[in-house]
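Letter by letter, the chains look like this.
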Amino acid sequence: MSRSFWIFIIIALVLVWSNEWSKVNVNYQLMMREKFPAFDSWTLEQKLAIKNYQAEIAPFAQIYAHSDWNWFYSQNVQFWKRMKWLVPITFTFLFAFLEWWMLPKCFTNIEVNRKWIVMYYMGLIALIVLLYGISVSIDSLQLQNFTRKVWMVLQSPSFFVLLLIDQWKRKYEN
């Protein structure tokens, strides 16, 4: 295995962890505002007290394993609703850039065409924007949740899908 491959794996793991950490924080903040409509008007001490109480009741629940940065509690519900979509969009672009930049360096023995990486992510983004637009136009939270799940599933294995596309292309071009 090349040095580039290990660098790719380390960066990918950091991005995956950061992506999940961000989603946990966003989901927790939205959950609290849904559960307690007056949450935004509470003091920082009240917000942290309820979080600490919840963490004591369920110490290993992932939703409570987030940051206690005070800044998180000073944002309003509209900020967190925007973040619900900005976090996955940002990480999709970060994963796309990582693969575009590193895959050709990691696999020098096979030709990884960057065009396929761009096409894969453009198709993924187009599909998600289409599904999200439909879900907003018909006001369907179930479709929005389905769209997020499709996004997560299609984004996750892209590295492997791209290698399969490359192998398929090479097989049928020769």
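Computed from a prediction, not measured in an experiment: that's the story for all the values here. (Residues numbered from 1 in each chain as written. Predicted model: local features only at pLDDT ≥ 70, side-chain atom pairs only at ≥ 80, totals over all residues. Heavy atoms only, no water.)

On a plain count of helices and strands, the chain comes out with seven helices and zero strands. Taken from the N to the C terminus, the helices and strands of the chain come in the order α-α-α-α-α-α-α. In the chain, which comprises 174 residues, the proportion classed as buried is 37%. Accessible surface, the chain: about 11,000 Å² in total, of which carbon and sulfur atoms supply 68%. (Helix = DSSP H or I, 4+ residues; strand = E, 2+ residues; numbered from the N terminus. Buried < 20%, exposed > 50% of the residue type's maximum accessible area, 1.4 Å probe, protein only. Areas by Shrake-Rupley, 256 points an atom, 1.4 Å probe, with all protein chains shown as cover.)

So, about the confidence of the model for the chain. When pLDDT is averaged across the chain, the result is 81; 84% of the residues are at 70 or more. Ranking the helices and strands of the chain by mean pLDDT puts helix 1 (residues 3–35) first, with 88, and helix 7 (residues 158–173) last, with 67. (pLDDT = per-residue confidence, 0-100.)

Another aspect to go through is helix 2 (residues 44–57). Quick reminder: α-helices carry 3.6 residues per turn. Residues three or four places apart thus point the same way. An ideal rise of 1.5 Å per residue puts 20 Å on 14 residues; helix 2 measures up with 20 Å between its terminal C-alpha atoms. Among the residues of helix 2, those classed as buried are Lys 47, Leu 48, Lys 51 and Gln 54. The buried residues of helix 2 occupy an angular sector of 125 degrees when projected down its axis, which confines them to one face. Among the exposed residues of helix 2, those pointing more than 90 degrees away from its buried face are Glu 45, Tyr 53, Glu 56 and Ile 57. Buried residues in helix 2 make contact with helix 1 and helix 3 (70–73). (Expected span 1.5 Å × (residues − 1). Arc of directions from axis to C-beta. Contact = heavy atoms within 4.5 Å.)

A few words now on the pattern of salt bridges. Enumeration according to the criterion identifies one salt bridge in this entry. With a shortest N-O distance of 2.7 Å, Arg 33 and Asp 40 are connected by a salt bridge. What makes Arg 33 buried here is its relative accessible area of 7%. Exposure remark for Asp 40: the relative accessible area of 34% places this residue in the partly exposed category. (Salt bridge = Lys/Arg side-chain N within 4 Å of Asp/Glu carboxyl O.)

Before going further, it helps to spend a moment on the nonpolar core. Soluble globular proteins tend to bury their nonpolar side chains together. Membership of the largest hydrophobic core comes to 32 residues, with the highest contact counts inside it found for Phe 8, Tyr 73, Trp 80, Leu 98, Cys 106, Tyr 121 and Ile 128. If you tally residues by element for this core, the top one is helix 4 (residues 77–106), at eleven residues. (Core = buried A, V, L, I, M, F, W, Y, C linked by side-chain atoms within 4.5 Å.)

So, about a nonpolar patch on the surface. On the surface, a nonpolar cluster with roughly 500 Å² of combined accessible area is contributed by Phe 97, Trp 100, Trp 101, Val 118 and Met 122. It is helix 4 that provides the largest number of residues to the nonpolar patch, a total of three residues. Here Val 118 shows up in helix 5 (residues 114–137). (Patch = residues over 30% accessible without salt bridge, like charges linked within 9 Å, V, L, I, M, F, W, Y side chains within 5 Å.)

Let us now look at the packing of aromatic side chains. Per the counting criterion, the structure on display carries 13 aromatic pairs. Centre to centre, the rings of Phe 5 and Trp 6 are 5.6 Å apart; their planes meet at 80 degrees, and the pair counts as edge-to-face. Classification of Phe 5 by relative accessible area gives buried; the value is 13%. Ring centres 6.1 Å apart and planes at 15 degrees place the aromatic pair Phe 97 and Trp 101 in the stacked group. Separated by four residues within a single helix, Phe 97 and Trp 101 lie in helix 4, roughly one turn from each other. Owing to a relative accessible area of 48%, Phe 97 belongs among the partly exposed residues under this scheme. The class of Trp 101 is partly exposed, set by a relative accessible area of 32%. Pairwise contacts between aromatic rings join Trp 17, Trp 21, Trp 71, Phe 72, Phe 79 and Trp 80 into one cluster. The ring centre of Phe 39 lies 5.3 Å from the NZ or CZ of Lys 47, which sits over that ring. In this structure, Arg 114 packs its charged tip against the face of Trp 100, placed 4.4 Å from the ring centre. (Phe/Tyr/Trp six-rings, centres within 6.5 Å; stacked < 30°, edge-to-face > 60°. Lys NZ or Arg CZ within 6 Å of the ring centre and 35° of its normal.)

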